[in-house]
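# Structural features, examined
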Amino acid sequence: MCIQFNQLEELYKSDIGEFCQCSRKNCYRLTFRGERFDLTVSDFLSFKKEIDAIDIVAILTDSSCKSDTIIVNSYRTKRFLILSILEVIQLKELLRAAKFMVQLNSMIHECLKCPLTCPLVDQRLQASQ
């Protein structure tokens, strides 16, 4: 798919994993629990939606033995993730932060491409006069 190491831009990193972007090929690399997942934009959004759909409260209130782990098909790969409740929460946090950083990065790039007649610049100029 994408990704040569020297083309990656780190967007978010924490103790639980990291999320990088390859602007050249418009794809992402998610690293979680030492496993690497190369994702297209649509793969990432689908995977995030799938993880967000996991109902933590329902799992915590379920008294059956099967509720200790969650099995997730890692999107577009031939692997499965077997996650504890804590790992699901951590993965949700990582994906939420990653999506925020993608949106922030996109907004920054948009503003940098904006001509000087940008409304924000115009407001600042008018306020200073």
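Up top is the structure these notes are about.
Residues numbered from 1 in each chain as written. Predicted model: local features only at pLDDT ≥ 70, side-chain atom pairs only at ≥ 80, totals over all residues. Heavy atoms only, no water.

## Description of the environment of I54
In this fold, I54 is placed in the loop between helix 1 (41-52) and helix 2 (56-61). Here I54 falls in the buried class, since its relative accessible area comes to 13%. Beyond its immediate stretch of four places on either side in the chain, I54 contacts I59, I70, V72, V88 and K92. (Helix = DSSP H or I, 4+ residues; strand = E, 2+ residues; numbered from the N terminus. Buried < 20%, exposed > 50% of the residue type's maximum accessible area, 1.4 Å probe, protein only. Contact = heavy atoms within 4.5 Å.)

## Topic: unusual backbone geometry
Non-glycine residue N26 carries a positive phi angle of around 55°. If you trace the backbone, N26 turns up in the loop between strand 2 (17-22) and strand 3 (27-32). The residue R33 is not glycine, and still its phi comes out positive at about 55°. Tracing the backbone shows R33 in the loop between strand 3 and strand 4 (35-40).

## Details of the pattern of salt bridges
Per the stated rule, a full pass over the model turns up four salt bridges. Among the salt bridges present, the one from R33 reaches E87, with a minimum N-O distance of 3.2 Å. Of this pair, R33 sits in the loop between strand 3 and strand 4 while E87 sits in helix 3 (residues 85-113), and the two are 54 residues apart along the sequence. Between K48 and D52 there is a salt bridge whose closest N-O contact spans 2.5 Å. With K48 and D52 both in helix 1 and four residues apart, this pair spans about one turn of that helix. Owing to a relative accessible area of 11%, K48 belongs among the buried residues under this scheme. A relative accessible area of 34% places D52 in the partly exposed class. (Salt bridge = Lys/Arg side-chain N within 4 Å of Asp/Glu carboxyl O.)

## Section: a nonpolar patch on the surface
Taken together, the side chains of F100, L104, I108 and L112 make up a nonpolar region of the molecular surface, amounting to roughly 400 Å² of accessible area. Assignment of secondary structure puts F100 in helix 3. (Patch = residues over 30% accessible without salt bridge, like charges linked within 9 Å, V, L, I, M, F, W, Y side chains within 5 Å. Areas by Shrake-Rupley, 256 points an atom, 1.4 Å probe, with all protein chains shown as cover.)

## What to know about the packing of aromatic side chains
Evaluated as defined, the whole model comprises four aromatic pairs. Between F19 and F44 the ring centres are 4.9 Å apart and the planes differ by 40°, which places this aromatic pair in the tilted class. With a gap of 25 residues between them, F19 in strand 2 and F44 in helix 1 connect regions that are remote in the sequence. As far as the burial class goes, F19 and F44 line up, both buried. (Phe/Tyr/Trp six-rings, centres within 6.5 Å; stacked < 30°, edge-to-face > 60°.)

## Observations concerning the side chain of K92
With respect to the secondary-structure elements, K92 resides in helix 3. Buried charge without a partner: K92 forms no salt bridge, and the closest opposite charge is D52, 5.2 Å away. One polar contact links the side chain of K92 to the main-chain carbonyl oxygen of D52, over a distance of 3.4 Å. Not counting the four nearest positions on each side in its chain, K92 is found in contact with I51, D52, I54 and I56. (Lys, Arg positive; Asp, Glu negative; His and termini not counted. Polar contact = N/O pair within 3.5 Å; in protein donor to acceptor, adjacent residues only side chain to side chain.)

## Focus: the pairing of strand 3
The buried fraction of strand 3 is high, at six of six residues. Covered by surrounding structure in strand 3 are C27, R29 and T31 together with Y28, L30 and F32, the residues of both alternating faces. In this structure, the hairpin formed by strand 2 and strand 3 is closed by a connection of four residues, where N26 is found at a positive phi of approximately 55°. Counting the residues that bridge the hairpin from strand 3 to strand 4 gives two residues, and of these R33 lies at a positive phi of roughly 55°. (Pairing = 2+ DSSP bridges.)

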